Amino acid sequence: MSMPVITVKLAKGRTVEQKQQFVEVVTNEAVKKLNVKEEWVTVIFDEYERENWASSGELHSLKFGEGFGMKGIEK
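The rules behind the values
Residues numbered from 1 in each chain as written. Predicted model: local features only at pLDDT ≥ 70, side-chain atom pairs only at ≥ 80, totals over all residues. Heavy atoms only, no water. Core = buried A, V, L, I, M, F, W, Y, C linked by side-chain atoms within 4.5 Å. Buried < 20%, exposed > 50% of the residue type's maximum accessible area, 1.4 Å probe, protein only. Helix = DSSP H or I, 4+ residues; strand = E, 2+ residues; numbered from the N terminus. Contact = heavy atoms within 4.5 Å. Salt bridge = Lys/Arg side-chain N within 4 Å of Asp/Glu carboxyl O. Phe/Tyr/Trp six-rings, centres within 6.5 Å; stacked < 30°, edge-to-face > 60°. Pairing = 2+ DSSP bridges. Right-handed = clockwise from strand over helix to strand, strands pointing away.

Undergrad: Would you mind going over the nonpolar core with me for this structure?
TA: Considering soluble globular proteins, one finds that nonpolar side chains tend to be buried as a cluster. Formed by Val8, Leu10, Val26, Ala30, Val36, Trp40, Val41 and Val43, the largest nonpolar core amounts to eight residues. The set of elements that each furnish at least two residues to this core consists of strand S1 (5–11) and helix H1 (16–34). If we skip the residues at most four places from it in the chain, Val26 touches Ile6 and Val43.

Take a look at the structure:
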(Lines give C-alpha, C1' and ligand atoms only; values in the text may rest on other atoms or scores of the structure.)
Protein backbone atom coordinates (compact mmCIF):
# COMPACT_ATOMS: atom_id res chain seq x y z
CA MET A 1 0.00 0.00 0.00
CA SER A 2 1.09 3.54 -0.71
CA MET A 3 1.42 5.84 2.28
CA PRO A 4 1.14 9.44 1.10
CA VAL A 5 3.58 11.94 2.58
CA ILE A 6 2.45 15.49 1.87
CA THR A 7 5.02 18.26 2.33
CA VAL A 8 3.82 21.85 2.73
CA LYS A 9 6.37 24.64 2.33
CA LEU A 10 5.35 28.01 3.75
CA ALA A 11 6.62 31.12 5.45
CA LYS A 12 6.63 31.01 9.25
CA GLY A 13 3.82 32.67 11.11
CA ARG A 14 0.79 30.41 11.00
CA THR A 15 -0.81 29.43 14.29
CA VAL A 16 -1.05 25.85 15.56
CA GLU A 17 -4.82 26.11 15.10
CA GLN A 18 -4.44 27.10 11.43
CA LYS A 19 -2.02 24.26 10.76
CA GLN A 20 -4.29 21.76 12.55
CA GLN A 21 -7.28 22.85 10.46
CA PHE A 22 -5.20 22.58 7.30
CA VAL A 23 -3.96 19.08 8.24
CA GLU A 24 -7.54 17.91 8.84
CA VAL A 25 -8.72 19.15 5.44
CA VAL A 26 -5.72 17.77 3.55
CA THR A 27 -5.92 14.41 5.33
CA ASN A 28 -9.65 14.06 4.63
CA GLU A 29 -9.16 14.85 0.95
CA ALA A 30 -6.21 12.46 0.65
CA VAL A 31 -8.33 9.68 2.16
CA LYS A 32 -11.14 10.33 -0.33
CA LYS A 33 -9.09 10.95 -3.47
CA LEU A 34 -6.27 8.46 -2.92
CA ASN A 35 -8.37 5.72 -1.33
CA VAL A 36 -6.07 5.32 1.69
CA LYS A 37 -6.64 5.02 5.41
CA GLU A 38 -6.42 8.18 7.49
CA GLU A 39 -3.58 6.77 9.58
CA TRP A 40 -1.49 6.33 6.43
CA VAL A 41 -1.48 10.06 5.62
CA THR A 42 1.49 12.11 6.84
CA VAL A 43 1.71 15.91 6.51
CA ILE A 44 5.02 17.68 7.06
CA PHE A 45 5.37 21.46 7.35
CA ASP A 46 8.64 23.01 6.16
CA GLU A 47 8.55 26.56 7.53
CA TYR A 48 10.91 29.30 6.43
CA GLU A 49 11.75 32.77 7.62
CA ARG A 50 10.83 35.34 5.00
CA GLU A 51 14.48 36.39 4.85
CA ASN A 52 15.25 32.87 3.56
CA TRP A 53 12.64 32.89 0.78
CA ALA A 54 12.99 34.82 -2.47
CA SER A 55 11.26 35.16 -5.81
CA SER A 56 12.03 37.29 -8.83
CA GLY A 57 15.49 37.94 -7.42
CA GLU A 58 14.35 39.59 -4.20
CA LEU A 59 14.04 38.35 -0.62
CA HIS A 60 10.42 38.28 0.54
CA SER A 61 11.37 40.10 3.74
CA LEU A 62 12.46 43.07 1.60
CA LYS A 63 10.00 42.69 -1.25
CA PHE A 64 6.83 42.44 0.84
CA GLY A 65 7.83 43.82 4.21
CA GLU A 66 7.10 42.81 7.78
CA GLY A 67 3.98 40.72 8.31
CA PHE A 68 3.07 40.17 4.65
CA GLY A 69 0.78 37.17 4.16
CA MET A 70 -0.12 36.99 7.82
CA LYS A 71 -3.68 38.31 7.54
CA GLY A 72 -5.66 37.34 10.62
CA ILE A 73 -2.61 36.08 12.49
CA GLU A 74 -1.78 37.52 15.87
CA LYS A 75 1.88 37.98 16.66
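Undergrad: Where do I start with the pattern of salt bridges in this structure?
TA: Any two side chains of opposite charge can pair, given that their charged atoms come close. Scanning the entire structure with this criterion turns up four salt bridges. For Asp46, the salt bridge is made with Lys9, and the minimal N-O distance between the two is 3.5 Å. Taken as a pair, Asp46 in strand S2 (residues 42–48) and Lys9 in strand S1 lie far apart in primary sequence, 37 residues in all. The salt bridge partner of Lys19 is Glu47, with a shortest N-O separation of 3.2 Å. Note that Lys19 is positioned in helix H1 and Glu47 in strand S2, a separation of 28 residues in sequence.

Undergrad: What am I meant to see in the packing of aromatic side chains here?
TA: Describing an aromatic ring pair means giving the distance of the ring centres and the angle of the ring planes. Within the structure shown, the criterion is met by two aromatic pairs. On the basis of an interplanar angle of 55 degrees and a centroid distance of 6.1 Å, the ring pair of Phe22 and Phe45 is categorised as tilted. On the criterion of sequence distance, the pair formed by Phe22 in helix H1 and Phe45 in strand S2 is long-range, its members being 23 residues apart. For Phe22, a relative accessible area of 37% corresponds to the partly exposed category. For Phe45, a relative accessible area of 24% corresponds to the partly exposed category. Centroid distance Tyr48 to Trp53: 5.6 Å. Interplanar angle 85 degrees. Geometry classified as edge-to-face. You can call Tyr48 partly exposed: its relative accessible area is 30%.

Undergrad: It is not clear to me how the pairing of S2 should be interpreted in this structure. Could you clarify?
TA: Consecutive side chains along a regular strand alternate between the two faces of the sheet. Looking at chain direction, S1 and S2 are connected through seven bridges and run parallel. Within the sheet, the bridge partner assigned to Ile6 lies in S2 and is Val43. Handedness of the crossover joining S1 and S2 through H1: right-handed.

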